[in-house]
Amino acid sequence: MSDSPRDQLALQLTEAVAEALRVDLTRQDNALLVVSGGSTPVPFFEALAACDLPWERLQVTLADERWVAEDAEDSNARLVREHLLQGPAAAASFVSLTTADATPEQGAVAVAERVAGLAWPASVVILGMGGDGHTASLFPDSQELPLALATDAPAVAVRSPSQPQPRITLSADRLHQARRHVLHITGDDKRGVLARALSGDDARELPIRAFLACPLATYWAP
Ligand code: 6PG
């Protein structure tokens with residue numbers, strides 16, 4: 001791993017997440033880590049995979065997923081399997097967010113039941129953020145956003161005109177069920193979006209705002 005700011009950020013995040021998992025495992029049999037997809041997390045995934053952790057006691061799931069086959073190029077499950085669940089980390093229990101159903105609307109109940117059975121509250125939820133202020137698959141232009149922000153259902157099928165595939169996302173309520181929340185972002189554009197988010201309250205405009213009231217550790221590098 002290089003000594004670039006983004007790689008150093010990934011190492012710092014890895015140290016914090018590994019320690020959080022170790023602490024929680026002193027008081028519970030299993031610990032849950034919720035991660036996001038996209039490109040930002042890759043160096044973090046690869047650094048965490050190299051950590052000496054009791055991976056067989058760890059559960060990993062996603063904050064959201066594109067409704068595509070798990071071997072598709074743009075599958076978050078594929079991203080996690082290829083970059084995080086490698087070496088010793090392959091012993092972790094990974095719970096994906098897709099089913100064989102044709103649409104996320106058809107699969108949402110089964111996914112919600114699957115998610116509900118995990119070791120909540122999560123030890124850590126790692127959130128990313130898009131340039132439109134979305135996080136997970138809580139998109140400002142999605143008709144399902146109000147539902148996903150308000151429901152206590154663990155998972156919601158969502159569609160967004162800005163996204164090529166239908167999505168499934170953990171609800172804001174479920175994503176709040178964690179001991180620790182992290183926002184992992186890089187670049188000046190996202191720093192500007194975060195600044196805008198911090199200066200207002202409407203989560204429907206910038207959904208990341210739904211997570212600015214709870215303690216949120218922001219990991220940002222240029
Ligand atoms: C996804 C993610 C999404 C991601 C942001 C940031 O499925 O794409 O869960 O919420 O975190 O879009 O993505 P980048 O890290 O690629 O900028």
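Residues numbered from 1 in each chain as written. Predicted model: local features only at pLDDT ≥ 70, side-chain atom pairs only at ≥ 80, totals over all residues. Heavy atoms only, no water.

Turning our eyes to something else, we now look at the overall build of the protein. In terms of regular secondary structure, the protein is built from seven helices and nine strands. The C-alpha radius of gyration of the protein comes to 16 Å, within 12% of the 17 Å expected for a compact globule of 222 residues. Reported as C-alpha extents along the three principal axes, the dimensions of the protein are approximately 45 × 40 × 35 Å. The burial tally for the protein puts 55% of its 222 residues in the buried class. Here the protein carries 18 positive and 29 negative side-chain charges, and the mean point of each set is 3 Å from the other. (Helix = DSSP H or I, 4+ residues; strand = E, 2+ residues; numbered from the N terminus. Rg over C-alpha atoms; globule rule 2.2 N^0.38 Å. Buried < 20%, exposed > 50% of the residue type's maximum accessible area, 1.4 Å probe, protein only. Lys, Arg positive; Asp, Glu negative; His and termini not counted. Charge placed at Lys NZ, Arg CZ, Asp CG, Glu CD.)

Lining the immediate environment of the ligand, one finds 14 residues, of which Thr40, Asp64, His134, Ala136 and Lys190 sit closest. Ser39 is positioned with one of its backbone polar atoms (N or O) 2.8 Å from an oxygen atom of the ligand. For the ligand, whose free accessible area comes to 420 Å², the fraction covered by protein is 87%. (Near = heavy atom within 4 Å. Polar contact = N/O pair within 3.5 Å; in protein donor to acceptor, adjacent residues only side chain to side chain. Areas by Shrake-Rupley, 256 points an atom, 1.4 Å probe, with all protein chains shown as cover.)

Right, let's get into the packing of aromatic side chains. Inspection of every chain in the model, using the stated rule, returns one aromatic pair. Here Phe44 and Phe45 contribute two aromatic rings whose centre-to-centre distance is 5.9 Å and whose plane-to-plane angle is 45°, an arrangement assigned as tilted. The exposure class assigned to Phe45 is buried, which follows from its relative accessible area of 0%. A cation over an aromatic ring shows up here: Arg174 above the ring of Trp120, its NZ or CZ 4.9 Å from the ring centre. (Phe/Tyr/Trp six-rings, centres within 6.5 Å; stacked < 30°, edge-to-face > 60°. Lys NZ or Arg CZ within 6 Å of the ring centre and 35° of its normal.)

Moving on, we get to the sheet that holds strand β4 (residues 93-95). The six strands lie next to each other as β4-β2-β1-β5-β8-β9, forming an open sheet whose pairing is parallel. In this open sheet, the two strands that pair with only one neighbour each are β4 and β9 (217-221). On average, each strand axis in the sheet is tilted by 20° relative to the strand beside it, whichever way the strands run. In this sheet, strand β2 (residues 58-62) lies alongside strand β1 (residues 31-35) in parallel orientation, the contact comprising five bridges. When the bridges of β2 are listed, Leu33 appears paired with Val60. In the packing of helix α1 (residues 5-24) onto the sheet, the strands contacted are β1, β2, β5 (124-127), β8 (181-186) and β9, and the crossing angle to β9 comes to about 160°. Sitting on the sheet, helix α3 (residues 76-83) is in contact with β1, β2 and β4, with an inclination near 145° to β2. (Pairing = 2+ DSSP bridges. Axes fitted to C-alpha atoms, helices over the stretch in contact; angles between N-to-C directions. Contact = heavy atoms within 4.5 Å.)

In this section: helix α7 (residues 188-198). Those residues of α7 not exposed but buried are Val193, Leu194 and Ala197. Here the buried residues of α7 occupy an arc of 100° about the axis, which is enough to place them on one side. Residues of α7 that are exposed and point more than 90 degrees away from the buried face comprise Asp188 and Leu198. Buried residues in α7 make contact with β8 and β9. (Arc of directions from axis to C-beta.)

Take the nonpolar core next. Grouped burial of nonpolar side chains is what soluble globular proteins tend to show. Counting residues in each nonpolar core, the largest one holds 75 residues, and the members touching the most others are Val17, Val34, Leu48, Val80, Leu84, Ile126 and Leu175. The element best represented in this core is α1, accounting for seven residues. For Val34, the residues in contact, after removing those within four places along its chain, are Thr61, Leu62, Ala63, Trp120, Ala122, Val124, Val125, Ile126, Leu170 and Leu175. (Core = buried A, V, L, I, M, F, W, Y, C linked by side-chain atoms within 4.5 Å.)

What follows covers the packing of helix α2 (residues 42-49) against α3. Two measures define how a pair of helices packs: the angle their axes make with one another and the distance between the axes. The contact between α2 and α3 brings their axes to 9 Å, and the two run at 40°. Between α2 and α3, the angle is such that the two are oblique. The segment α2 lies against α3, with Val42, Phe45, Glu46 and Ala49 engaging Leu79, Val80 and His83. (Parallel < 35°, antiparallel > 145°, perpendicular 65-115°, else oblique.)

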